[in-house]
Amino acid sequence: MTNEEQLGHLDDSMTEAKRFIDIRDSIVKLEKNREFKKVITDYYFKDEAARLVMAKSSSLTEDQQVVIDKMIYGIGSLAKFLDSAVARGNQAEQAYAEDEQAKEEIIAEGLL
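Conventions adopted
- Residues numbered from 1 in each chain as written.
- Predicted model: local features only at pLDDT ≥ 70, side-chain atom pairs only at ≥ 80, totals over all residues.
- Heavy atoms only, no water.
- Helix = DSSP H or I, 4+ residues; strand = E, 2+ residues; numbered from the N terminus.
- Rg over C-alpha atoms; globule rule 2.2 N^0.38 Å.
- Buried < 20%, exposed > 50% of the residue type's maximum accessible area, 1.4 Å probe, protein only.
- Areas by Shrake-Rupley, 256 points an atom, 1.4 Å probe, with all protein chains shown as cover.
- Phe/Tyr/Trp six-rings, centres within 6.5 Å; stacked < 30°, edge-to-face > 60°.
- Lys NZ or Arg CZ within 6 Å of the ring centre and 35° of its normal.
- Salt bridge = Lys/Arg side-chain N within 4 Å of Asp/Glu carboxyl O.

Asker: Give me the lowdown on the overall build of the protein, citing residues and values where you can.
Answerer: Of the regular secondary structure elements, the protein holds three helices and zero strands. In the protein, the succession of helices and strands from N to C terminus is α-α-α. Here the C-alpha atoms of the protein give a radius of gyration of 22 Å, more than 25% beyond the 13 Å that 2.2 N^0.38 yields for 112 residues. Once the C-alpha set of the protein is aligned to its principal axes, its extents read approximately 75 × 30 × 15 Å. Relative to its 112 residues, the protein shows a buried fraction of 22%. If you sum the accessible surface of the protein, you get close to 8100 Å²; carbon and sulfur atoms cover 55% of it.

What follows is the structure, encoded as structure tokens:
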């Protein structure tokens, strides 16, 4: 791989990392937002989850049980998605720093 190709690959990698960093930063900003906390963190993740768990213990048809299970899984899926996106953004930040350093080393060594 030529130096130009290496630099191009690093630029592509850094662009992708910036995207995940931006998504992470947006989620962190959302999680600090008062309305997000009220609707998603407090109501959806806590109150709605508890309501669905309690509803599961009541006399429901099998179809109703399936719907409640899917709703519970949905809550868990959203929480996992947000956590995973933050973790991926953290990893991307580290990768970006490493790519930036590698790019600087290639340029500093005068290999270009």
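Having seen the model, we can carry on.
Asker: Explain the packing of aromatic side chains to me, and be specific about the residues and the numbers.
Answerer: Throughout the structure, instances matching the rule amount to one aromatic pair. Between Tyr44 and Phe45, the aromatic rings sit 5.9 Å apart at their centres with planes inclined by 40°, giving tilted as the arrangement. Taking the relative accessible area as the measure of exposure, Phe45 reaches 23% and is therefore partly exposed. The positively charged end of Arg19 is found above the aromatic ring belonging to Phe20, 5.2 Å away from the centroid.

Asker: Pulling in residues and values, what's your account of the pattern of salt bridges?
Answerer: Evaluated as defined, the whole model comprises seven salt bridges. A salt bridge links Arg24 to Asp25; the nearest nitrogen and oxygen atoms lie 2.9 Å apart. As a salt-bridge pair, Arg51 and Glu48 come within 2.8 Å of each other at their nearest N and O atoms. Note that Arg51 and Glu48 are positioned in helix 2 (residues 34–56) at a spacing of three residues, about one turn of the helix. Residue Arg51 is classed as partly exposed on the basis of its relative accessible area of 44%. On the basis of relative accessible area, Glu48 is assigned to the buried category, the value being 10%. Sharing partners across several salt bridges, the network here consists of Arg24, Asp25 and Glu93.

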